[in-house]
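A look at the structure
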Amino acid sequence: MATSNESRRGFLKGLLATASAGLVAMIAYPVLRFISPPSVPEAATSQVLAGTVQELEGSGWKIFAFGSAPGILIRLDSGEYKAFSALCTHLDCTVQYRPEERRFWCPCHNGFFDFNGINVAGPPPKPLTAFVVNVQDNDIFVSRS
Ligand code: FES
């Protein structure tokens, strides 16, 4: 039979264990939420105004925002426009365009893509994702399909 002291000690141990578990949960939960944030679905951006004809007359290329990701728009010597996802297919660095070489270059690991977005040198395992370009007057629109 448990004495009054043993019963009180058991109660206090249980109370202390419950309070400790609550304290650990109060600390651990925000830390775990910070470490693995909930997945937020990306807004389905299907078309964006990527730039204007005048903008591309200078450098011949520009980076634009396609939803939350970067896209890259280029103007070829022929006057044709092309657009791709600017995320390198190796480790998602942002590629740049080198008009004099007519190639995209990824500065992270020296990866190269030709002006059609095809991976031609370095570690990128596959081509850049191509977008559809539509020119309306002075505006250049880019869409996924
Ligand atoms: S991230 Fe582009 S080559 Fe590695």
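Here's what I pulled together on the structure shown here. (Residues numbered from 1 in each chain as written. Predicted model: local features only at pLDDT ≥ 70, side-chain atom pairs only at ≥ 80, totals over all residues.)

**Overview of the overall build of the chain**
The criterion, for reference: Secondary structure elements are taken from DSSP: a helix is a run of H or I of four residues or more, a strand is a run of E of two residues or more, and numbering for both begins at the N terminus. Both definitions apply: the radius of gyration is a C-alpha atom measure, and the globule rule equals 2.2 Å times residues to the power 0.38. Working definition of burial: number of other C-beta atoms within 10 Å of the residue's own, with buried at 20 or more, exposed at 12 or fewer, and partly exposed in between, all C-beta atoms being placed from the backbone.
Summing up its helical and strand segments, the chain has two helices and 10 strands in all. Ordered by position from N to C terminus, the α and β elements of the chain give α-β-α-β-β-β-β-β-β-β-β-β. The C-alpha radius of gyration computed for the chain amounts to 28 Å, which surpasses the reference 15 Å derived for 145 residues by more than 25%, pointing to a less compact arrangement than a globule. Taken over the C-alpha atoms alone, the chain extends approximately 95 × 35 × 25 Å along its principal axes. Out of the 145 residues belonging to the chain, those deemed buried represent 21%.

**Some details on the pairing of strand β6 (residues 103-106)**
In the case of a regular strand, side chains alternate between the two sheet surfaces. Let me state the cut-off plainly: One requirement defines pairing of two strands: DSSP has to find at least two bridges between them.
A one-sided burial pattern is seen for β6, the buried positions being F104 and C106 and the unburied ones R103 and W105. Looking at chain direction, strand β5 (residues 96-98) and β6 are connected through three bridges and run antiparallel. Its bridge partner being in β6, Q96 is matched across the sheet by W105. Once β5 ends, the chain turns through four residues before running back antiparallel as β6, passing R102 with a positive phi of about 55°. Strand direction decides the pairing type here: β6 and strand β7 (residues 111-114), joined by four bridges, are antiparallel. Across the sheet, residue C106 finds its bridge partner in β7, namely G111. The turn joining β6 and β7, which pair antiparallel and follow one another in sequence, is formed by four residues; a positive phi near 60° is taken by N110.

**Some remarks on the sheet that holds β6**
Here is the rule: Whenever a helix is involved, its axis is fitted only over the stretch in contact; in every case the axis is a line through C-alpha atoms, and angles between N-to-C directions fall within 0 to 180 degrees.
The four strands are arranged β5-β6-β7-β8 in an open sheet whose pairing can be described as antiparallel. Lying at the two open borders of the sheet, with one neighbouring strand each, are β5 and β8 (119-121). Adjacent strand axes in the sheet meet at a mean angle of 40° when their direction is disregarded.

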